[in-house]
Amino acid sequence: MQHNLFTTMRSLKIMDGCKGTQVYALNPSGPPGGGGGGVGDKLLHHLQDHLKVNSIRSKSNRSYPAPNSTATNVVPENLLPCGLPVTDLLEPLIEPCLKSVDFVNSLADVYRRIENCPQFEKSKMYLEQCAMFKGLADPKLFRRSLRSARQHAIDVHRKVVLAAWLRYERREDELIGYSAMDCCGRNLECPKASLVSGYDPESVYDNCGCYRARREEVDEEVLIEDEECSTSEEDGDMSFCIGDDEIRCIRYKMASLSRPFRAMLYGEFKESRRETINFSQNGVSVETMRAAELFSRMKKLGCFDVCIVLELLSMANRFCCEEMKSACDVHLASLVCDMEDAMLLIEYGLEESAYLLVAACLQVFLRELPSSMHNPNVMRFFCSAEARERLAMVGHASFVLYYFLSQIAMEEDMKSNITVMLMERLQECAVEAWQKQLAFHQLGVVMIERKEYKDAQRWFEAAAEVGHIYSFVGVARAKYKRGHKYSAYKQMNSLISDYTPVGWMYQERAMYCVGKEKMTDLKTATELDPTLTYPYKYRAVALVEEQKIGAAISEINKIVAFKVSPDCLELRAWFSIAREDYEEALRDVRALLTLEPNYMMFHGKMHGDHLVELLRPHVQQWSQADCWMHLYDRWSSVDDIGSLAVVHHMLANDPGKSLLRFRQSLLLLRLNCQKAAMRSLRLARNHSTTEYERLVYEGWILYDTGHREEALAKAEDSIYIQRSFEAFFLKAYALADSSLDPKSSVYVIQLLEEALRCPSDGLRKGQALNNLGSVYVDCDKLDLAADCYMNALNIKHTRAHQGLARVYHLKNQRKAAYDEMTKLIEKAQNNASAYEKRSEYCDRDMAKSDLSMATQLDPQRTYPYRYRAAVLMDDHKENEAILELTRAIAFKPDLQLLHLRAAFHESMGDYVSTIQDCEGALCLDPNHSETLDLYNKARERVNEH
């Protein structure tokens, strides 16, 4: 496999592990605690008092008093104070997305249909692919499909919605100084380009011409004003009289406006024989008639006041002047620049069926999301059935519109009435089977959250009826909530019997079992899908109920080691408090708040920031200098959660420090928390004090959302203003993101050397040295690479052990490589990747042991499965090899896993299975050359037979 530069620092295989559920209830009569009356009891008593007094707190604009270091309570000291979660109230999340029982088959099916559908239908197909990718851990797949959907969009409505959605994915609304209608510089998201109808997929990634177009419009208006905004009465051969005013016109020009005018002026009507026609009774003003006369001659608008153009639009509708209506529509749409314009003009657009005007107003509303979601004056145009019908009359009610709106509504407030109404409109717009599955299922999820279980069951059943098998989980849950536990159990039992079992089936059935049967189902769920968090959480809380807190922490550590989520961190913090380990508790709460700053602890009763204040007096106090020292130590020991906690502490003392926000984003990316990482990057950008620094952070935002060329431009602009470490590092990183030829490698080396000459701290210089070593290795300059790695290790960049091991391996010093990786394993807290890499430098039995440990620590790493499968194939155990890959693909449909399984099928002569796996892999990456070659070869073989 090709070596991927720099993945050690900024992995882009992002998982959506940042959202958590808060399902823990308070247990006032918990099990007895040990050693009543200690500091731990006092702290927990203090928390209990807080919960009694403050059952609900606002999530914003809080000010928290510092707690007393000694709390006094009257709670009996022989009881463990309230707050620990109980197993009875733990529930797995029902995911609000499409989820297939046979995901590879679904991927293959979508790929085939995209490849075979007419070009004009591709946008709809890519939207279906978006819905499928929404439930995957890697957000890059969703964004790529969304870009493809916009690329192949034809009509203005679809372009407007998808361009706004792409902008929302970057959350530019949070960037200070950005306007909703700012153009990113590409046709793909340009607000002006979105208002141009037509199919041109090749140009969407080109630079847009909005600035040039704006200058041309100004020139055109001046020309019209100078030469055309007067009526030449000498040329007229007839007049329209309105009151006492007479408007001279050219008869055949006016007749050309529409068939009604032609009939009136040249037909059998008496007006056709009159030179003067009284038009006073037709509701048209003198100014509007003058504008119509001017348009009849020049076919242009430009100098008229907006009120005149609106009246002209109304007149065009009444007299069927299609060309004039279109001109008014285009002109009015070009005037919509902000929310005030949109709110003023959309009613006219809806009343007069002005397609482009309504599109321009919708564009403002959509590009202002999510803030416009909280504006009732905006939502009234979307939420009600009547509002949807009004939009439909103008061609602007669609599934894609309500899909976009409903996703944001669920993110903002799953239980709100607005969310329900938007979801209802979504299901009204659903036509295709997958659209109905999604709309019905999401309505069921919303109803479950609102505790409206009867309606939830009805919607889940509707989704299941149209083919969404996963919705049976919702049916079972709704039945359980309505008191029909046995019926829920039978529902899940039937599902497991009828389909190939997957982890979430056993997880859900465990909800309706007790005792050993429950624990057996949870164990099976983890074996089938080790990424499910509920089984770990349940087992951990069950251990706490047995007063085995140490074992409970060990259990929850298993999932936190590779999938960080706020709810799991909350659990671990809670367990740590119970055993009076306040430093560990504070670490987890600080890390949790980095992921979700407004997280509410204790079943939503206390803000996390307040818990930090309660814990602080019970731990050693650090100065900012102490924090830097601890950050270096944790960074060096590859303790990403500990590093996050230290940065959170430092930001509490200096919240405007953009450098710390940037460090925070790097750590979050390493933990695969893309959403939180992007938020930290945006805050870094907003708090930057210099132009060159702001450009660097904007560049990283662009790079991390798939805009590599734009990121390079930002880096170059920053370097032009000020040579800095981060600007050179960004440019080198972005350039090295693809296969490097020798010339490009030399340039990347120069950039990294320039970066190292600029001031920075050891944390970043260590990374630059590590990256420089990687480029030297690719250029076969092993001694220079070794020097870089040694220098990185001298400043405690522990990950450089891996690069140095690679150098030893390439020098045929396998034992030295193995020893180097052993050093990394000993130093790093997160060392799954180190075990994986060390397996390359030892014999087969030791490699199997290391890879087994890597899988145990992080089951999402795919190399161990591929290695074990390859060994089995070498031993002629083909079916076992296929099974090894199938186990992993069931919970992680990875490109490399699918490609390898396809190759195995091909070697066994099973070309049908080869084709399906290739199609599934190509759905994930349609340009993967090795898979394309294998796919074409297998298809040829099938055609031969």
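Shown above is the structure to which this text applies.
Reference entry: report on the structure contained in this document. Note that the structure is predicted; figures quoted are calculated from it, not measured.

What counts and what doesn't
Residues numbered from 1 in each chain as written. Predicted model: local features only at pLDDT ≥ 70, side-chain atom pairs only at ≥ 80, totals over all residues. Heavy atoms only, no water. Helix = DSSP H or I, 4+ residues; strand = E, 2+ residues; numbered from the N terminus. Buried < 20%, exposed > 50% of the residue type's maximum accessible area, 1.4 Å probe, protein only. Contact = heavy atoms within 4.5 Å. Areas by Shrake-Rupley, 256 points an atom, 1.4 Å probe, with all protein chains shown as cover. Expected span 1.5 Å × (residues − 1). Pairing = 2+ DSSP bridges. Axes fitted to C-alpha atoms, helices over the stretch in contact; angles between N-to-C directions. Core = buried A, V, L, I, M, F, W, Y, C linked by side-chain atoms within 4.5 Å. Patch = residues over 30% accessible without salt bridge, like charges linked within 9 Å, V, L, I, M, F, W, Y side chains within 5 Å. Salt bridge = Lys/Arg side-chain N within 4 Å of Asp/Glu carboxyl O. Lys, Arg positive; Asp, Glu negative; His and termini not counted. Charge placed at Lys NZ, Arg CZ, Asp CG, Glu CD. Phe/Tyr/Trp six-rings, centres within 6.5 Å; stacked < 30°, edge-to-face > 60°. Lys NZ or Arg CZ within 6 Å of the ring centre and 35° of its normal. Parallel < 35°, antiparallel > 145°, perpendicular 65-115°, else oblique. Left-handed = near helix turned anticlockwise from the far one by under 90°.

1. Focus on the overall build of the chain
- Secondary structure summary: the chain contains 49 helices and 4 strands in total.
- When each of the 945 residues of the chain is scored for burial, the buried share is 56%.
- Sequence-distant contacts in the chain: of pairs separated by 6 or more residues, those separated by 24 or more amount to 62%.
- Split by element, the accessible area of the chain, about 40200 Å² in all, is 48% carbon and sulfur.

2. Here we look at helix H4 (residues 139-151)
- End to end, H4 covers 18 Å across 13 residues, agreeing with the expected 18 Å (1.5 Å per residue, within 8%).
- Of all 13 residues making up H4, 10 are buried, and the element is well covered by its neighbours.
- The set of residues buried in H4 consists of Leu141, Phe142, Arg143, Ser145, Leu146, Arg147, Ser148, Ala149, Arg150 and Gln151.
- Buried residues along H4 sit against helix H3 (122-133), helix H5 (156-170), helix H6 (191-194), helix H34 (674-687), helix H35 (691-704) and helix H48 (911-924).

3. Considering the sheet that holds strand S1 (residues 238-242)
- Read across the open sheet, the 3 strands follow the order S2-S1-S3; overall the sheet is mixed. The two strands at the open ends of the sheet, each matched to only one other strand, are strand S2 (245-249) and strand S3 (276-278). Taken over all neighbouring pairs, the strand axes of this sheet differ in orientation by 25 degrees on average, direction set aside.
- In the sheet, S1 pairs with S3 via 3 bridges, with the strands oriented parallel. Residue pairing for S3: Ser239 is matched across the bridge by Thr276.

4. Considering the nonpolar core
- Phe240, Phe261, Phe382 and Phe575 are the most contacted members of the largest nonpolar core, which has 236 residues in total.
- Among all residues touching Phe575, those that are not within four sequence positions of it are Leu84, Ala540, Val541, Val544, Ile549, Ala552 and Ile553.
- By size, the runner-up hydrophobic cluster in this structure holds 49 residues, among which are Ile749, Leu752, Leu782 and Leu804.

5. Side note on the pairing of S1
- When you tally the buried positions in S1, you get 5 out of 5 residues, the bulk of the element.
- Alternating positions in S1 separate into two faces, Met238, Phe240 and Ile242 on one and Ser239 and Cys241 on the other, with burial throughout.
- Pairing analysis gives 5 bridges linking S1 to S2, with the strands arranged antiparallel. Bridging across to S2, Ser239 finds its partner in Arg248.

6. Here we look at the side chain of Ser839
- Looking at the element boundaries, Ser839 is found in the loop between helix H43 (832-838) and helix H44 (844-857).
- If sequence neighbours within four positions are ignored, Ser839 has contacts with Ala847, Asp850, Leu851 and Tyr863.

7. What to know about a negative patch on the surface
- A surface patch of like charges, here negative, comprises Asp244, Asp245, Glu287 and Glu311.
- For Glu287, the position within the fold is in helix H10 (residues 286-298).
- The partly exposed category is assigned to Glu287, whose relative accessible area is 46%.

8. Quick notes on the packing of aromatic side chains
- Counted by the stated rule, this structure contains 30 aromatic pairs.
- Aromatic pair Phe365 and Phe382: ring centres 6.3 Å apart, planes at 80 degrees, arrangement edge-to-face. With a gap of 17 residues between them, Phe365 in helix H14 (residues 355-367) and Phe382 in the loop between helix H15 (376-379) and helix H16 (385-393) connect regions that are remote in the sequence. Grouping residues by exposure puts Phe365 and Phe382 together as buried.
- Summarising the aromatic geometry, the rings of Trp700 and Tyr733 are spaced 5.5 Å apart at their centres and angled 65 degrees between planes, so their arrangement reads as edge-to-face. Taken together, the residues Trp700 in helix H35 and Tyr733 in helix H37 (residues 725-735) connect sequence positions 33 residues apart.
- Under the relative-accessibility criterion, Trp700 is labelled buried at 0%.
- Residue class for Tyr733 comes out buried when judged on its relative accessible area of 3%.
- Feature note: the residues Phe142, Trp165, Tyr168, Phe399, Tyr403, Phe404 and Trp434 constitute an aromatic cluster, connected by ring pairs.
- Seen from the ring of Trp635, Arg670 lies directly overhead, with NZ or CZ sitting 4.8 Å from the centre.

9. Focus on the side chain of Ser106
- Tracing the chain through its elements places Ser106 in helix H2 (residues 103-116).
- Excluding its chain neighbours within four sequence positions, the residues that come into contact with Ser106 are Ser100 and Met132.

10. Observations concerning the pattern of salt bridges
- Applying the stated criterion across every chain, the model contains 58 salt bridges.
- Residue Asp640 pairs with Arg799 through a salt bridge whose shortest N-O separation is 3.8 Å. With Asp640 in helix H32 (residues 640-653) and Arg799 in the loop between helix H40 (782-794) and helix H41 (800-810), this residue pair connects regions lying 159 residues apart in the sequence. For the pair Asp640 and Arg799, a shared accessibility class is recorded, and that class is buried.
- Residues Arg663 and Glu726 are paired through a salt bridge, measuring 3.9 Å at the closest nitrogen-oxygen approach. Residue Arg663 is located in helix H33 (residues 658-670), and its partner Glu726 is located in helix H37; the two are separated by 63 residues in the primary sequence.
- By relative accessible area, Glu726 is classed as buried at 12%.
- By sharing partners, the salt bridges in this structure join Asp109, Arg112, Arg113, Glu128 and Glu919 into a single network.

11. With respect to the packing of helix H27 (residues 566-578) against helix H28 (residues 582-595)
- Interaxial distance between H27 and H28 falls to 8 Å at its minimum, and their mutual angle equals 160 degrees. By the criterion of interaxial angle, the relationship of H27 to H28 is roughly antiparallel. Viewed along their axes, H27 and H28 form a crossing whose handedness is left-handed. Of H28, the residues touching H27 (which contributes Pro566, Leu569, Glu570, Arg572, Ala573, Ser576 and Ile577) are Tyr582, Glu584, Ala585, Arg587, Asp588, Val589, Ala591, Leu592 and Leu595.

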